[in-house]
Amino acid sequence: MTAAVDSATPVVTENTAPNTTTTTEEPTKPTKLEVVSIEGVEVEEGVAKKVLKQLEYYFGDRNLPQDRFMLREVAVDNGWISLDTMLNFKRLANICNDKAQIAKIVTDGKSELLQLNEENNKIRRNPEKPLPKGTEAEKNTSNAKTVYVKGLSTDMTIDVAEQWFEEHGAMAYIKMRKDAENKFKGSVFAEFANQADCDAFLAKGELKSGDEVVTKMLRADYYKEKNQKMKDTKNEKRSAQLGDTAATAPVEVENVEYEKGLVLRVDGLEGTELTREQFKDVFEGKGLEWVTFNKGDPKANLRFAKSAMEALESVKVDGKFIVSEKELSVTLIEGEEEEAYWKESARAKAEFFQRKRKGDAGRGGRSRGGFRSKRGRRE
């Protein structure tokens, strides 16, 4: 059952993992389901719009390629997911937990993205609407209209955030940023539906959320500033530890021996919140030795003790490389790129030990506070 797209734009709300199922569990096996009758079912217009919007988000271009749980489920039954399973999603269930009403909404909503089966008990993404391949150009377009906003009330809900942003234009998604205890931090990442609205939002003067003036910038600029601060802090600590010995002559590396096939390059990371630790978690026990990546960098290099491709294949989900529910592009580096990686690795290692030797020399080697004369007295 497909027809015109509902005008509501899918909006990212929270972690989409359902209440009773985590992304590490096995996908739901198809079972015999009861037919859901929608005859005589009525639904409030406001509820219908919210349900359709949420369902289109779950199956949409933004969420589906990155959602490990959803990817597992759609692989089981030709793309179909039962309404029983969908009602495990907290936000959907909070809007409407009645299968007959949900089926009625999908039927009457005439969404081009969603399909309901004949028994009205399963839903899937329309096979005629395949997921986009996620080209570099599409990623750049998305990044160019994605903003970072800080200074929102920590009591703000996703519904209030949605209302606040929609005063400035149509939204593609809003992500409420949470801390380690899953509490809202008062900042969001939000993508506008079109570039003009994003440009106008950033060009506006002082904007407030309640009585607080918010900070707003492109997400890419936020990560650039954050990475620069991290680098500055790291350099300050290094200088404090080594003193004047921190400055060293550049190390030239002409030839380096290395084993081929040990390094992967992960692309398209700019604008994500991924960390080195998340890569380490995915490849735990798979021989991952080194991760070259800082949060916000556009790419990462992953070095393994043995075959990088074997490690990669062992962690793929349905043929996709997924980290923190995000599908990522990954390539085995070869040729000149591989040689350049190992040269840079050798250069960085050599400079580290050069600084360390100078630091030790500046502190008198291993001695602590001066030297001893023949008589054993400290002078």
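From a predicted model like this one, the values you see are computed outputs, not experimental measurements.

*Asks:* What is the right way to read the packing of aromatic side chains from this model?
*Replies:* Pairs of aromatic rings are described using the distance from one ring centre to the other and the angle between the two planes. Evaluation of the coordinates by the stated rule reveals 17 aromatic pairs. For the ring pair Tyr58 and Phe89, a centre distance of 4.6 Å and an interplane angle of 35° mean the geometry is tilted. Here Phe89 lies in the loop between helix H3 (83-86) and helix H4 (90-95) and Tyr58 lies in helix H1 (residues 45-58), a separation of 31 residues in the sequence. Overall, the relative accessible area of 1% leaves Phe89 in the buried class. Centroid distance Tyr148 to Phe189: 5.8 Å. Interplanar angle 50°. Geometry classified as tilted. Highlighted residues: Tyr148 in strand E4 (residues 146-150) and Phe189 in strand E6 (residues 184-192), separated in sequence by 41 residues. In terms of burial, Tyr148 and Phe189 fall into one category: buried. One aromatic cluster is present, built from ring pairs that chain together Tyr57, Tyr58, Phe69 and Phe89. Its end group placed over the ring of Phe189, Arg219 keeps NZ or CZ at 5.9 Å from the ring centre.

*Asks:* Would you explain the confidence of the model for the protein chain in this entry?
*Replies:* One rule of thumb: low pLDDT means the predicted coordinates there are not for detailed reading. Averaged over the protein chain, the pLDDT score is 81; the fraction of residues at 70 or greater is 80%. Strand E3 (residues 122-125) holds the highest mean pLDDT among the elements of the protein chain, 96, whereas helix H12 (residues 335-362) holds the lowest, 78. With pLDDT under 50 throughout, residues 1-17 is counted as low confidence; its partners more than four residues away or in other chains account for 63 contacts. A low-confidence stretch, residues 367-379 stays under pLDDT 50, and its non-local contacts, those more than four residues away or across chains, total 9 contacts.

*Asks:* Would you mind going over unusual backbone geometry with me for this structure?
*Replies:* Residues other than glycine predominantly adopt negative phi, and peptide bonds predominantly adopt the trans conformation. Unlike most non-glycine residues, Lys110 shows phi in positive territory, near 50°. Within the fold, Lys110 resides in the loop between helix H5 (99-109) and strand E2 (114-116). Accessibility expressed as a relative area gives 47% for Lys110, which makes it partly exposed. With a phi close to 60°, Asn120 is a non-glycine residue in the positive phi region.

*Asks:* Just to check I follow, could you spell out the side chain of Ser111 for this structure?
*Replies:* Along the chain, Ser111 falls in the loop between H5 and E2. Taking relative accessible area as the criterion, Ser111 reaches 0% and is therefore assigned buried. A polar contact is formed between the side chain of Ser111 and the backbone nitrogen of Leu113, at a distance of 3.1 Å. A distance of 3.3 Å separates the side chain of Ser111 from the backbone nitrogen of Leu114, its partner in a polar contact.

*Asks:* What is the right way to look at the nonpolar core in this model?
*Replies:* Grouped burial of nonpolar side chains is what soluble globular proteins tend to show. Counting 28 residues, the largest nonpolar core has Leu55, Tyr58, Met86 and Ile123 as the members making the most contacts within it. Counting only elements with at least two residues in this core, the list comes to H1, helix H2 (68-74), H3, H5 and E2. Leu55 has contacts with Met86, Leu92, Ile102, Val106, Leu114 and Ile123, leaving out every residue within four places of it along the chain. Counting residues in each nonpolar core, the second largest holds 19 residues, with Leu152, Ala161, Phe165 and Ile174 among its members.

Calculation rules
- Residues numbered from 1 in each chain as written.
- Predicted model: local features only at pLDDT ≥ 70, side-chain atom pairs only at ≥ 80, totals over all residues.
- Heavy atoms only, no water.
- Phe/Tyr/Trp six-rings, centres within 6.5 Å; stacked < 30°, edge-to-face > 60°.
- Helix = DSSP H or I, 4+ residues; strand = E, 2+ residues; numbered from the N terminus.
- Buried < 20%, exposed > 50% of the residue type's maximum accessible area, 1.4 Å probe, protein only.
- Lys NZ or Arg CZ within 6 Å of the ring centre and 35° of its normal.
- pLDDT = per-residue confidence, 0-100.
- Contact = heavy atoms within 4.5 Å.
- Polar contact = N/O pair within 3.5 Å; in protein donor to acceptor, adjacent residues only side chain to side chain.
- Core = buried A, V, L, I, M, F, W, Y, C linked by side-chain atoms within 4.5 Å.

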